[in-house]
Amino acid sequence: MVKKILFPFSAATSSYYEGYSWASELASKMGTELLLFTASKSKDEQSLQHIYHSLLGAQGYYLQSAYHKNTKPARTERWIEIGEVKNTLLDFLKKNTSYITIIDPSLPALDPPLLSEVIQLSGGVIVLPSSPAPKVENKQGAFYEKLHQAEVYKLPHHFFDTLGSDRSLFNYLSGFFKKKK
């Protein structure tokens, strides 16, 4: 089964935009779909509009970021549950274990017990660092710098093989090793 990227977020904050951009770029580089997961107290029109507006803001941030240059955008799907993010996310992962889950530090329910359960239930987990986007000369290298700083758990064996075919990785590593002469 093709692994999909799962990105849980909360529309109550815009601080997930950087994580959204990074997850979108990862899905693009891996040639897979990005599932945007959130929860709301209800699925009334006002709540849904708030979520969609938040996602539009995140997409705008992504389009302005350095990550997406020269890549085909990933296909995305929205998944909105009723309830709290923590409970609905765990229920979702119990039924769908093949996802690689990207955890942004802005996720409100993120605590060690939740993270432990997400790691146990996911096909792999990447916890993005809470620091701002790294400043690198090579803009494409920012993606790999963030991956380097992230905590990774249980990633499938083909994860790094798939990323290894990305030409921007080669360009990033070339620039990295040329810096210190």
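Residues numbered from 1 in each chain as written. Predicted model: local features only at pLDDT ≥ 70, side-chain atom pairs only at ≥ 80, totals over all residues. Heavy atoms only, no water.

Spatial ordering of the open sheet is given by β3-β2-β1-β4-β5-β6, a layout of six strands whose pairing is mixed. A single partner strand is all that each edge strand has here, and the edge strands are β3 (76-82) and β6 (151-153). Here the strands of the sheet are splayed against their neighbours by 20° on average, with no regard to which way each runs. Judged from the three bridges that link them, strand β5 (residues 124-127) and β6 form a sheet pairing that is antiparallel. In the sheet register, Ile126 faces β6, and the bridge partner there is Val152. Packing of helix α3 (residues 85-95) onto the sheet brings it into contact with β1 (5-8), β2 (34-40), β3 and β4 (100-103), and relative to β2 it is tilted by some 135°. (Pairing = 2+ DSSP bridges. Helix = DSSP H or I, 4+ residues; strand = E, 2+ residues; numbered from the N terminus. Axes fitted to C-alpha atoms, helices over the stretch in contact; angles between N-to-C directions. Contact = heavy atoms within 4.5 Å.)

Below, the discussion takes up the packing of aromatic side chains. Centre-to-centre distance and the angle between the planes together describe a pair of aromatic rings. One pass over the structure, following the stated rule, counts 10 aromatic pairs. Look at Trp22 and Phe143: their rings are 4.8 Å apart centre to centre, the planes differ by 10°, and that puts the pair in the stacked class. Note that Trp22 is positioned in helix α1 (residues 17-30) and Phe143 in helix α5 (residues 141-149), a separation of 121 residues in sequence. The burial state of Trp22 is the same as that of Phe143; both residues are buried. (Phe/Tyr/Trp six-rings, centres within 6.5 Å; stacked < 30°, edge-to-face > 60°. Buried < 20%, exposed > 50% of the residue type's maximum accessible area, 1.4 Å probe, protein only.)

This paragraph deals with unusual backbone geometry. The backbone of Lys154 sits at a positive phi, close to 55°, despite the residue not being glycine. One can find Lys154 in the loop between β6 and α6 (158-164).

By the alternation rule, side chains of β1 split into Ile5 and Phe7 and Leu6 and Pro8, which are all buried. Both β1 and β2 contribute to a ladder of four bridges, which runs parallel. Its bridge partner being in β2, Leu6 is matched across the sheet by Leu35. By the bridge criterion, two bridges tie β1 to β4 in an arrangement that is parallel. Along β4, the bridge assignment pairs Leu6 with Thr101.

Turning our eyes to something else, we now look at the packing of α1 against helix α2 (residues 45-64). Across the interface, α1 lies against α2 with an axial gap of 9 Å and an inter-helix angle of 65°. Relative to α2, the element α1 lies roughly perpendicular. Helix-helix and strand crossings are classified by hand; for α1 and α2 the assignment is right-handed. Residues Tyr17, Glu18, Tyr20, Ser21, Ser24 and Glu25 of α1 pack against Ser54, Leu55, Gly57, Ala58, Gln59, Tyr61 and Tyr62 of α2. Residue composition of the contact of α1 with α2, grouped by class: six nonpolar, five polar and two charged. (Parallel < 35°, antiparallel > 145°, perpendicular 65-115°, else oblique. Left-handed = near helix turned anticlockwise from the far one by under 90°. Nonpolar A, V, L, I, M, F, W, Y, C, P; charged D, E, K, R; others polar.)

Here Glu84 shows up in the loop between β3 and α3. Judged by its relative accessible area of 47%, Glu84 is partly exposed. Linking Glu84 and Ala109, residues 25 residues apart in sequence, is a C-alpha distance of 8.7 Å. When sequence neighbours within four positions are dropped, the list of residues in contact with Glu84 reads Ala39 and Lys41. Side-chain polar atoms of Glu84 contact the side chain of Lys41, separated by 3.3 Å. (Polar contact = N/O pair within 3.5 Å; in protein donor to acceptor, adjacent residues only side chain to side chain.)

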